[in-house]
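# Summary of structural features
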Number of protein chains: 2
Amino acid sequence: MSWREMFGPRARTVETVFPAEKDLDRLLGTKRPLRVKFGIDLTSTSVTIGNEIPLRILARFQELGHTAVLILGDFTTLVGDPSGRDKTRPVLSPEQVEANGATWLGQIGKVLDVKRAEVRRNSEWLAKLTPAEMVRLAGQLTVAQMLERESFAKRYAEGTPIHLHEFLYCLFQGYDSVAVRSDVELGGTDQTFNLNIGRVIQKHAGMASQACVINPLLEGIDGSAKMSKSLGNAIGLDTPPKDMFGLATRVPDALVGKYFRLATDVADAEIERLLKGDVWTAKKTMAEAIVARHYGAEAGRAEREAFERVFREGELPEDIPDCPIDVAAAWSATTLVRTAFGVSGAEARRLVEQGAVTLEGARLADPLAEVKVKGGEVLRAGKRKFARLVPKR
Amino acid sequence: MSWREMFGPRARTVETVFPAEKDLDRLLGTKRPLRVKFGIDLTSTSVTIGNEIPLRILARFQELGHTAVLILGDFTTLVGDPSGRDKTRPVLSPEQVEANGATWLGQIGKVLDVKRAEVRRNSEWLAKLTPAEMVRLAGQLTVAQMLERESFAKRYAEGTPIHLHEFLYCLFQGYDSVAVRSDVELGGTDQTFNLNIGRVIQKHAGMASQACVINPLLEGIDGSAKMSKSLGNAIGLDTPPKDMFGLATRVPDALVGKYFRLATDVADAEIERLLKGDVWTAKKTMAEAIVARHYGAEAGRAEREAFERVFREGELPEDIPDCPIDVAAAWSATTLVRTAFGVSGAEARRLVEQGAVTLEGARLADPLAEVKVKGGEVLRAGKRKFARLVPKR
C-alpha cells in the first residue's frame with residue numbers, strides 16, 4: 001500500500017516527498033512505528049489554519065500508528081537573533097518560552113493527540129553541544145551549500161547581510177533530526193532547505209536520512225504569501241466561528257480553490273463543481289467548511305445563515321454594536337458615518353454620495369445636510385457596516 | 001615619540017599598521033604596558049626565519065616594557081579539520097600538542113624572552129564556550145564579510161568548498177583577542193583578515209579594538225610564496241650554520257634585498273650599496289648575516305670562508321661525503337655521476353657533456369667511455385657536488 005493510499009484525501013495537502021515518494025512508501029512498508037518529526041517555532045503562539053496543514057498530516061501518521069515527535073524550538077528563542085535585525089526572532093525569557101509552548105500544545109490538541117505525542121525541547125541537546133562538536137557539525141556543510149538556499153541566495157545577491165549565526169541555526173535544526181532519530185520530517189515549502197540539512201547531518205552521524213514530507217504554504221486571506229497573525233491576515237485555530245467565517249469570505253477569488261483543498265475536507269469533485277459556479281457561493285461553502293471543521297457542522301451552517309441574513313435586503317444582523325453619540329449636536333450624514341465607523345471624512349462623504357448610507361432604512365443622500373438623531377436608530381453604510389446610535393450619557 | 005622611532009631599524013620589518021599608524025603611536029603614548037598578542041599554529045614545530053619576523057617585532061615590544069602574550073592555538077589542533085580536506089590541519093593528540101608547544105617555545109627562546117612572556121593555550125577559553133555564546137559570536141559577522149577574505153573569495157569563485165567550520169575558526173581566533181584583552185596583535189599579511197575579525201569581536205565585547213602590526217611574508221629559498229619546512233624551502237631557527245649559509249645562498253637574486261631587510265640587521269645604506277654591486281657578493285654577505293644573527297659573527301665568517309674555499313679553483317671542501325662503489329665494476333662518467341649524486345641518467349650525461357665533471361681534478365669529457373676507479377678519488381660535478389669514491393665492502 002502506497003503512502004498516497006494510506007493518506008487518502010489528506011494526500012492533496014502534500015506538495016512533495018523527498019528524496020522520493022518511494023522512500024516514504026518503503027519506510028511505511030517496514031511496519032515498525034516511524035518517528036515523525038515536526039518542529040514548532042515558539043516565537044508565535046497563534047496557530048493558524050496554515051500551520052494546521054502539517055499538523056493534520058502528522059495526525060494521519062498518528063492514526064496509522066506512528067510516533068509524532070513534536071520539537072519545541074526553545075533553544076533559538078532563548079538565544080534570539082544576536083544581530084538584532086530579525087524582528088521576528090525576539091529573545092524570550094524561559095517563562096515566556098514555556099508559556100508559548102503550553103499555548104501551542106493547547107491549541108494543537110484539537111488537531112493532534114498531544115498525549116500520545118513525544119514532546120521535546122531542543123535546548124535539551126543543543127545547549128549541551130561542546131565547541132568541538134559544533135566545529136564538527138559545521139564541517140559537514142559548505143558555504144556554497146548554504147547559499148543554495150533560496151532566501152540566502154537572494155539576500156547575498158542583494159547585499160542584505162546574512163549573519164553567520166543564521167547558518168548555525170540551520171545546522172541546529174538539522175541536528176534536531178539526529179537527536180530525535182527521526183524517520184520522517186514534516187514542514188512547509190519554506191523549510192525544504194532546513195529539512196534537507198537534517199538529512200545531511202543524519203548521514204554524517206551514521207544514521208539513515210529522514211524522508212521529508214513538504215506541504216504547500218497557505219496564503220493569507222489578503223492573498224499575501226505569508227499567513228501570519230502579526231500581519232493581520234490569518235485565520236487562527238482559536239478564531240471564534242463568526243470571525244472565522246467572515247475572514248474566510250475575504251479570501252481572494254483566485255485562492256478559493258487552494259483554501260478548499262488545504263483547509264477543508266470537501267471532496268475534490270465537489271470543489272471542482274463549486275469552482276465552476278458562482279464564486280460567492282463557493283466562497284461561502286468554503287468558509288462554512290472551515291468553521292464546520294473547527295466548531296462542527298452545526299456551527300458552520302449557523303455562521304453561513306447569519307452571514308447571508310446580513311446580505312439580504314432590509315434584514316438586519318442580530319448583534320449591531322451600539323455607538324454612543326451626542327444627540328443634541330448638529331450631525332450631517334458625513335459626520336455620523338465618520339463617527340460611527342471610524343472612517344475618514346473623505347471616505348464617509350464618498351459612501352454618502354454613492355447612496356450607500358441609510359438611517360433606519362431611509363437613504364441619506366446629502367453629505368452635508370443636517371440629520372436629526374433621537375437615539376436608537378440603526379445607521380448603515382454599505383453592505384456590512386451597522387451601528388445603533390445611542391445617546392451618550 | 002612615534003612607533004617608528006621606537007622601533008628604529010626593526011620598523012622595516014613592518015608592512016602595515018592598521019587601522020592606522022597613529023593608533024599604535026597613541027597606544028604607545030599611554031605609557032602603560034601594552035598586551036601584545038601573537039598566535040602560534042601548533043601544527044608545525046619548526047620555526048623558520050619567516051616566523052621569526054613577527055617574533056622579533058614582539059621582542060622589541062618586550063624591550064620597550066610591554067607584555068608579550070603568546071597564544072598556543074591548541075584548540076584548533078585538537079579539533080582538526082572535520083571535513084578532512086585540509087591536510088595541513090591534522091588532528092593532534094593532547095600529548096603531541098604539548099610536545100609541539102614545548103618545541104616552539106624552546107626554539108623561540110633564542111629570539112624572545114619566553115620567561116617574561118604570558119603563554120596561554122586558547123583551549124582554556126574556547127573549549128568552554130557555550131552554544132549560546134557561539135551563536136552570539138557568529139551573529140557579529142556576516143557571510144559577505146567572511147567572503148571578503150581573499151582566500152575565501154578565491155575559493156568561493158572557483159567552486160572549491162569552504163566548510164562552515166573554517167568560518168568558526170576565524171571567529172575563534174578573533175575571540176582569542178577578547179579573552180586575552182590584547183591591545184596589539186602581530187601577524188603576517190596572510191593574517192590581516194583574521195586580525196581584523198579580532199577587532200570586530202573586541203568591539204562587540206565592549207572593549208577597545210586592538211591595533212594590528214602586519215609583517216610581510218618572506219618567500220621560501222626557492223622563491224615560492226610560502227616558506228615552509230614541509231615544502232623543503234625553509235631556513236629554520238634550528239638549521240645548523242653550514243646548511244643555513246648554503247640555503248641562504250640559494251635564494252633567487254630578486255629576493256636578496258628582501259632577505260636582507262627582513263632576516264638580517266644589515267643597515268639600509270649598506271644593503272643598497274651591496275645590491276648595486278655583484279649579486280653573488282651580496283648573497284654571501286646576506287647569508288653570512290643570517291648565520292651571524294643566529295650563531296654569532298664568528299660562525300657567520302667561518303661559514304662564508306668555508307663556502308668560498310669550495311668555490312676557489314682546485315680547492316676542495318673540508319667534508320666531502322664518502323660514496324661507496326664497486327671498484328671492480330665497469331664505470332662510465334655518466335654512471336659514476338648518477339650513482340654518486342643520485343641524479344637521473346639524462347642529468348648525469350648533461351653534466352658530463354657540459355664539461356662540469358672532474359675526477360681528481362681531471363675532466364671526464366666522454367659520457368660513455370670507461371673510467372677506472374681505485375677508490376679514494378674525489379668526483380666533482382658542477383660547482384658544488386663532491387663525493388669521495390670509496391670501495392664498497
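Residues numbered from 1 in each chain as written. Chains lettered and ligands numbered in written order. Predicted model: local features only at pLDDT ≥ 70, side-chain atom pairs only at ≥ 80, totals over all residues. Heavy atoms only, no water.

### Brief notes about the overall build of chain A
Quick note on the threshold: Each helix is a run of DSSP H or I of at least 4 residues and each strand a run of E of at least 2, with the numbering of both proceeding from the N terminus. Remark: exposure states derive from per-residue accessible area (1.4 Å probe, protein chains only) relative to the maximum for the residue type, with buried under 20%, exposed over 50%, and partly exposed in between. The contact criterion used throughout is that any non-hydrogen atoms of two residues lie within 4.5 Å. With residues, only the protein chains shown are counted as cover, and all accessible areas are computed by Shrake-Rupley using a 1.4 Å probe. Positive: Lys, Arg. Negative: Asp, Glu. His and the chain ends are not part of the count. The atom standing in for a charge is NZ when the residue is Lys, CZ when it is Arg, CG when it is Asp and CD when it is Glu.
A count of helical and extended segments in chain A gives 18 helices and 13 strands. Taken along the three principal axes of its C-alpha coordinates, chain A extends 80 × 50 × 40 Å. Counting across all 393 residues of chain A, residues that qualify as buried make up 51%. A sequence separation of at least 24 residues applies to 69% of the contacts in chain A between residues at least 6 apart. Approximately 18100 Å² of chain A is accessible, and the part contributed by carbon and sulfur atoms is 51%. Taken as two groups, the 55 positive and 52 negative side-chain charges of chain A have centres that lie 1 Å from each other.

### What about the sheet that holds strand 13 (residues 385-391) of chain A?
Residues and elements named next belong to chain A. Rules: Pairing between two strands is assigned when DSSP locates at least 2 bridges connecting them. For helices, the axis comes from a line fit to the C-alpha atoms of the stretch in contact; other axes are also lines fit to C-alpha atoms, and the angle between any two N-to-C directions lies between 0 and 180 degrees.
The mixed open sheet is built from five strands, whose spatial order is 7-13-12-9-10. Only two strands of the sheet have a single neighbouring strand rather than two, namely strand 7 (322-325) and strand 10 (362-363). Pairing of strand 9 (residues 357-359) with strand 12 (residues 378-381) involves three bridges; the strand directions are antiparallel. Looking across to strand 12, one finds that Thr358 is bridged to Arg380. Along the sheet face, helix 17 (residues 333-341) touches strand 7, strand 9, strand 12 and strand 13 and points at about 90° away from the line of strand 12.

### Here we look at the environment of Arg56 of chain B
Along the chain, the position of Arg56 of chain B falls in helix 3 (residues 52-63). Residue Arg56 of chain B is classed as buried on the basis of its relative accessible area, which comes to 13%.

### Regarding the relation of the copies chain A and chain B
Relating one copy of the chain to the other takes a rotation about an axis and a shift parallel to that axis. To keep it simple, the criterion reads: A residue counts toward the fit only if its pLDDT is at least 70 in both copies, and the copies are then superposed by least squares on the C-alpha atoms of those residues.
Mapping chain A onto chain B leaves a residual RMSD of 0.4 Å; the transformation is a rotation of 180° accompanied by 0.1 Å of translation along its axis. On the angle and the small slide along the axis, the relation comes out as a two-fold axis. A shared binding surface is used by both copies, with 100% of the interface residues of chain A retained as interface residues in chain B.

### Focus: unusual backbone geometry
Between Phe18 of chain A and Pro19 of chain A the backbone carries a cis peptide bond, its omega angle lying at 5°. Even without being a glycine, Lys31 of chain B presents a positive backbone phi close to 70°. Residue classification places Lys31 of chain B among the exposed residues on the basis of a relative accessible area of 72%. At Arg181 of chain B, a residue that is not glycine, the phi angle is positive and equals roughly 50°. Checked against the element boundaries, Arg181 of chain B lands in the loop between helix 10 (164-179) and strand 5 (184-188). Of the residues examined, Arg181 of chain B reaches a relative accessible area of 52% and is grouped as exposed.

### Concerning the packing of aromatic side chains
Residue and element names in this part refer to chain A. Applied cut-off: Pairing of aromatic side chains here covers Phe, Tyr and the six-membered ring of Trp, requires ring centres within 6.5 Å, and sorts the geometry by plane angle: under 30 degrees stacked, over 60 edge-to-face, intermediate tilted.
In total, this model carries 17 aromatic pairs over all chains according to the counting rule given. The interplanar angle of 70° and the centroid separation of 5.0 Å between the aromatic rings of Phe7 and Phe61 together place this pair among those described as edge-to-face. With Phe7 in helix 1 (residues 3-7) and Phe61 in helix 3 (residues 52-63), this residue pair connects regions lying 54 residues apart in the sequence. For the pair Tyr169 and Phe172, a centre-to-centre distance of 6.2 Å together with 45° between the ring planes defines the contact as tilted.

### Quick word on the pattern of salt bridges
Convention followed: The working definition used for a salt bridge is a side-chain nitrogen of Lys or Arg within 4 Å of a carboxyl oxygen of Asp or Glu.
Counted according to the given criterion, the structure contains 54 salt bridges over all chains. Among the ionic pairs, Arg350 of chain B bridges to Glu347 of chain B, the shortest N-O distance being 2.9 Å. With Arg350 of chain B and Glu347 of chain B both in helix 18 (residues 345-353), this residue pair falls three residues apart, about one helical turn. Between Glu353 of chain B and Arg349 of chain B there is a salt bridge, with its nearest N and O atoms 3.2 Å apart. Here Glu353 of chain B pairs with Arg349 of chain B, and both are found in helix 18, just four residues apart, close to one helical turn. Under the relative-accessibility criterion, Glu353 of chain B is labelled exposed at 52%. Through salt bridges with shared partners, one network takes in Arg35, Glu118, Arg120 and Glu124 of chain A.

### Here's the deal with the side chain of Asp176 of chain A
Within the secondary structure layout, Asp176 of chain A lies in helix 10 (residues 164-180). Summary of buried charges: Asp176 of chain A has no salt-bridge partner, and the nearest side chain of opposite charge, Lys37 of chain A, is 4.8 Å away.

### Examining the pairing of strand 7 (residues 322-325) of chain B
All names here are of chain B. What you see with strand 7 is a clean split: Cys323 and Ile325 sit on the buried side and Asp322 and Pro324 on the side with no burial. As paired elements, strand 7 and strand 13 (residues 385-391) share four bridges and run parallel to each other. When the sheet's bridge partners are listed, Pro324 is paired in strand 13 with Val390.

### Remarks on the interface of chain A and chain B
The condition is simple: By definition, the buried area sums, over both parts, the 1.4 Å-probe accessible area that each loses when the two are put together. Each polar contact in these results corresponds to two N or O atoms within 3.5 Å; when the atoms are within protein, one needs to be able to donate a hydrogen and the other to accept it, and residues that are neighboring in sequence are counted only if both atoms are side-chain atoms.
On the side of chain B, 32 residues touch chain A, which itself brings 32 residues to the contact. Each partner contributes to the roughly 2500 Å² buried at the junction of chain A and chain B, and carbon and sulfur atoms together form 82% of this total. Contact with chain B buries surface across chain A, with Pro131, Val135 and Leu164 of chain A losing the most and accounting together for 26% of the total. For the pair chain A and chain B, the interface holds six residue pairs in polar contact (both at pLDDT 80 or more). Only helix 4 (74-79), helix 7 (131-138), helix 8 (143-146) and helix 10 of chain A provide two or more residues apiece to the side of chain A that touches chain B. With seven residues, the single largest contributor to the side of chain A that touches chain B is helix 10 of chain A.

### What to know about the sheet that holds strand 2 (residues 35-40) of chain B
Residues and elements named next belong to chain B. Taken in spatial order, the six strands make up an open sheet running 1-6-5-2-3-4, and their pairing is mixed. Of all strands in the sheet, those with a lone pairing partner are strand 1 (16-18) and strand 4 (118-121), marking the two edges. If you compare each strand with its neighbour and ignore which way they point, the axes differ by 25° on average. Both strand 2 and strand 5 contribute to a ladder of two bridges, which runs parallel. Considered in strand 5, the bridge of Val36 is made with Val184. Helix-sheet contacts for helix 5 (residues 94-108) involve strand 2, strand 3 (67-72) and strand 4, and the interaxial angle to strand 3 is about 150°.

### Comments concerning the packing of helix 12 (residues 241-248) of chain A against helix 16 (residues 297-311) of chain A
Residue and element names in this part refer to chain A. Short version of the rule: Take the far helix as the reference: if the near one is turned anticlockwise from it by less than a right angle, the crossing is left-handed, and if turned clockwise, right-handed. When residues are sorted by character, Ala, Val, Leu, Ile, Met, Phe, Trp, Tyr, Cys and Pro go into the nonpolar class, Asp, Glu, Lys and Arg into the charged class, and all the rest, Gly among them, into the polar class.
Direction vectors running N to C along helix 12 and helix 16 enclose 65°, while the axes themselves pass 10 Å from each other. Note that helix 12 runs across helix 16; the crossing there is right-handed. Contacts between helix 12 and helix 16 pair Pro241, Lys242 and Phe245 from the former with Gly300, Glu303, Arg304 and Phe307 from the latter. Tallied by class, the residues present in the contact of helix 12 with helix 16 amount to three nonpolar, one polar and three charged.

### Overview of the pairing of strand 3 (residues 67-72) of chain A
Two faces make up the sheet, and in a regular strand the side chains alternate between them. Residue and element names in this part refer to chain A. Our working definition: The path from the first strand over the helix to the second decides the hand: if it runs clockwise while the strands point away from the viewer, the crossover is right-handed.
With respect to burial, strand 3 is a largely interior element, five of its six residues being buried. Alignment of strand 2 (residues 35-40) against strand 3, held across six bridges, turns out to be parallel. When the bridges of strand 3 are listed, Lys37 appears paired with Val69. For the crossover that starts at strand 2, traverses helix 3 and ends in the parallel strand 3, the hand is right-handed. Alignment of strand 3 against strand 4 (residues 118-121), held across four bridges, turns out to be parallel. Each bridged residue has a counterpart across the sheet, and for Leu70 the counterpart in strand 4 is Val119.

### Description of the packing of helix 7 of chain A against helix 10 of chain A
Residue and element names in this part refer to chain A. Rules: Should an angle fall under 35 degrees it is taken as roughly parallel, and over 145 as roughly antiparallel, whereas 65 to 115 is taken as roughly perpendicular and any remaining angle as oblique.
Between helix 7 and helix 10, the least distance of the axes is 10 Å, while the angle of their chain directions is 95°. Classed by the angle they form, the pair helix 7 and helix 10 counts as roughly perpendicular. When helix 7 is examined against helix 10, the residues Met134, Leu137 and Ala138 are found in contact with a partner set consisting of Leu168, Leu171, Phe172 and Tyr175.

### Some details on the environment of Ala330 of chain A
As for its position among the elements, Ala330 of chain A is in the loop between strand 7 and strand 8 (331-332). It is 9.8 Å that separates the C-alpha atoms of Ala330 of chain A and Ala369 of chain A, two residues lying 39 residues apart in sequence.

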